[in-house]
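Here is how the chains run, residue by residue.
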Amino acid sequence: MITRRNFFMNAGAVALSAAAVSRVGAASLPDAVSMAGAETKAPPPPPNGRPYNPVVTLNGWSLPWRMNNNVKEFHLVAEPVVRELAPGMQANLWGYNGQSPGPTIEVVEGDRVRIFVTNKLPEHTSVHWHGQRLPNGMDGVTGLTQPGIAPGKTFVYEFVAKRPGTFMYHPHADEMTQMAMGMMGFWVTHPKDPNFMKVDRDFVFLLSNYDIDPGSYTPKIMTMTDFNLFTFNSRVFPGIDPMVVRQGDKVRVRVGNLTMTNHPIHMHGHEFEVTGTDGGWTRPESRWPEVTTDVAVGQMRAVEFTATDLGDWAFHCHKSHHTMNAMGHDVPTMIGVDHQGVAAKINQLVPGYMVMGERGMADMGEMQMPIPDNTLPMMAGDGPFGAIGMGGMFTTVKVRKEQKPGDYRDPGWYKHPAGTLAYEWTGALPEPVRSQGAGKAASKGSVEMTVRKPLRHDH
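Here's a quick rundown of the structure. Values in this document were obtained by computation on a predicted structure and should not be read as measured data. (Residues numbered from 1 in each chain as written. Predicted model: local features only at pLDDT ≥ 70, side-chain atom pairs only at ≥ 80, totals over all residues. Heavy atoms only, no water.)

Considerations on the side chain of His263
Note that His263 resides in strand 18 (residues 263-267). On the basis of relative accessibility, which here comes to 0%, the residue His263 falls in the buried class. Of note is the side chain of His263, whose polar atom sits 3.1 Å from the side chain of His322. Sequence-distant contacts of His263, that is, excluding residues within four places in its chain, are made with Leu207, Phe230, Asn257, Thr293, Asp294, Val295, Cys317, His322 and Met393. (Helix = DSSP H or I, 4+ residues; strand = E, 2+ residues; numbered from the N terminus. Buried < 20%, exposed > 50% of the residue type's maximum accessible area, 1.4 Å probe, protein only. Polar contact = N/O pair within 3.5 Å; in protein donor to acceptor, adjacent residues only side chain to side chain. Contact = heavy atoms within 4.5 Å.)

As C-alpha cells, then:
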C-alpha cells in the first residue's frame, strides 16, 4: 500500500511563471512526489474525488494528487534518473519523478485535471497526452502547439478527462533523444461508473527498448533497429515482478508500446480477449479468444481473462530475441563447429576463454563466464527446475487458490499436484517407422531434366 511515508520530497526550488500562477489561481505547487525503488506498489483506494478501482503498475506506482477547488492537481518532474533494469544492472535514463517510466496517472471520466510539469533536464521538453481529447494548446507538441519547457521552468496543462480508457504520456521535443532515454508513462481514465468493465485485478505496463553496450550505463540514442534490451516498464527478467492473481479472478492487463517495433504479447495457459485499444473499449460482439495479441508502435491493448487454472504461467513477447538480455549482434553461429584443440590454443592467448554456442546457447545461461560490470547475462532467470533460459520481456502470471483479494505479494513457485508434472521416460523406445519407398524411383536410374537458357537482355 502507498502512503505518504513511502515517498520523499523532491529537493530544489521550482520556478513557476507569473502568468501560470494567475491562470490557475494557485500560489504553490502540488508536492513533487518521487520514487526510487523498483518493486510493484499496489495503490490504496482513492483518498478523495470520484470513486474508481485503481490499477497496479508492474514494477511501478501511481502518482498522488491533491484536490484544489474540485480540480485534480498532479506534479510531474522531468529529470535524469537511475533505473535498475534488474539486480546487477543500472541504466542512466531520463524519466519522471525518480523513475523511468514515470508514475501512472489515474483520473475519472469527467475530472478536470491540472498537471504541473517541471523540467530538470539539460534541454527543453514537453508532454504529449497520447490519445486524449483536449484543447489543441494542451496537446504538448513543441513548436506546433506550445513553446518548449526550458530547463528550470514549469508549465501547466489543464483539461477535462473526457473519454474513459488507457492512454500514455511522452515528450514531443527532441523525441529521438528523450524517448530513447526512457521518457514515458501511463495514464488511465476510469469510467464514471466503477462497475462498468469492472475486474478483480488490473495491471498496466509500458514496453520500451534500449541499446546499452556491455559495461556501460547510458543508452545509445542513435540506434534504430539493433536494440539489445527489451523491457516491461524498463525492467528485464528476472527483474520483472510476477502478476499475482487469485484463482477465479477476472484479470485485465493493459500494455502500451513506445518502442521502435511491434511486440506479439503471448500468454500461456489461458485464452484472453482484447477489450480495449487506444481508441476505447472494444464492442463485445467484436471480440474473440486469443492467446497472442500484437501491440504495434504507439498502440495500447487491454486484454482480459478469467484466471481459471492454477500455476505459474509464462507471459512474454513472442519475438525470441526480445526475451534475451545484452545480446551481441555480430556473434557468429557456432552450432556444429568442432572446437576440439582450438579452445586450448585460444586459452594460451586469452586465459579463461570459453567455447560459445557449439551445442546451442542453452548452456550459456548456466555458465559463470566473466562479463563486464553493469552487464546482465543473456539468460539470467532461475525457476524451480533450473535455468528458465529467458530474459527481457518475460514474466509470469501466478494463479493461486489461497491468494487474498488485494494481495500482490509473490507466493513463491507453484507446487504441482502429483501426476501433473512432465517426467522422464526410462522404458524402452520403439524403433522409428520409416517409409520404405522414399528415394527408390531416383535410385533405379537417372532423372532427365530439361534446361532452357535465358534470353539475352539486349533482345
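Observations concerning the sheet that holds strand 26 (residues 394-400)
Across the sheet, five strands lie side by side as 16-26-23-18-21; this open sheet has mixed pairing. Edge strands, defined here as strands with exactly one partner in the open sheet, are strand 16 (243-246) and strand 21 (292-295). Sheet twist, expressed as the mean angle between neighbouring strand axes with direction ignored, is 20 degrees. Bridge count between strand 23 (residues 311-317) and strand 26: six bridges; the pairing is antiparallel. Note on strand 26: the bridge partner recorded for Gly311 is Val399. (Pairing = 2+ DSSP bridges. Axes fitted to C-alpha atoms, helices over the stretch in contact; angles between N-to-C directions.)

What about the sheet that holds strand 13 (residues 185-190)?
One open sheet holds the four strands; their spatial order is 8-13-12-10, and the pairing between them is mixed. Each having just a single partner strand, strand 8 (105-108) and strand 10 (128-130) make up the two edges of the open sheet. Across this sheet, the average inter-strand angle for adjacent strands is 25 degrees, counted without regard to direction. The pairing of strand 12 (residues 165-170) with strand 13 spans five bridges and is antiparallel. Paired with Gly165 across the strands is Thr189, a residue of strand 13.

What about unusual backbone geometry?
Residue Ser100 is joined to Pro101 through a cis peptide bond whose omega torsion reads -5 degrees. Examined against the element boundaries, Pro101 turns out to sit in the loop between strand 7 (89-96) and strand 8. In this chain, Phe237 is followed by Pro238 through a cis amide linkage whose omega measures 15 degrees. Residue placement: Pro238 occurs in the loop between strand 15 (229-232) and strand 16. Its identity is not glycine, yet Asn97 carries a phi of approximately 55 degrees, on the positive side.

Focus: the packing of aromatic side chains
Following the criterion strictly, the structure yields 14 aromatic pairs and no others. Judged by centre distance (5.6 Å) and plane angle (25 degrees), the ring pair of Phe159 and Trp187 falls under stacked. Remark: Trp187 occurs in strand 13 and Phe159 occurs in strand 11 (residues 153-160); sequence separation between them is 28 residues. Residue class for Phe159 comes out buried when judged on its relative accessible area of 2%. Between Phe205 and Phe315 the ring centres are 6.2 Å apart and the planes differ by 80 degrees, which places this aromatic pair in the edge-to-face class. Here Phe205, found in strand 14 (residues 201-210), pairs with Phe315, found in strand 23; they are 110 residues apart in sequence, far enough to count as distant. By relative accessible area, which is 0% here, Phe205 ends up buried. Taking relative accessible area as the criterion, Phe315 reaches 1% and is therefore assigned buried. Connected via pairs of aromatic rings, a cluster forms that spans Tyr96, Trp129, Tyr157, Phe159, Tyr169 and Trp187. The ring of Tyr408 has Arg201 lying over it, and the distance from NZ or CZ to the ring centre is 4.7 Å. (Phe/Tyr/Trp six-rings, centres within 6.5 Å; stacked < 30°, edge-to-face > 60°. Lys NZ or Arg CZ within 6 Å of the ring centre and 35° of its normal.)

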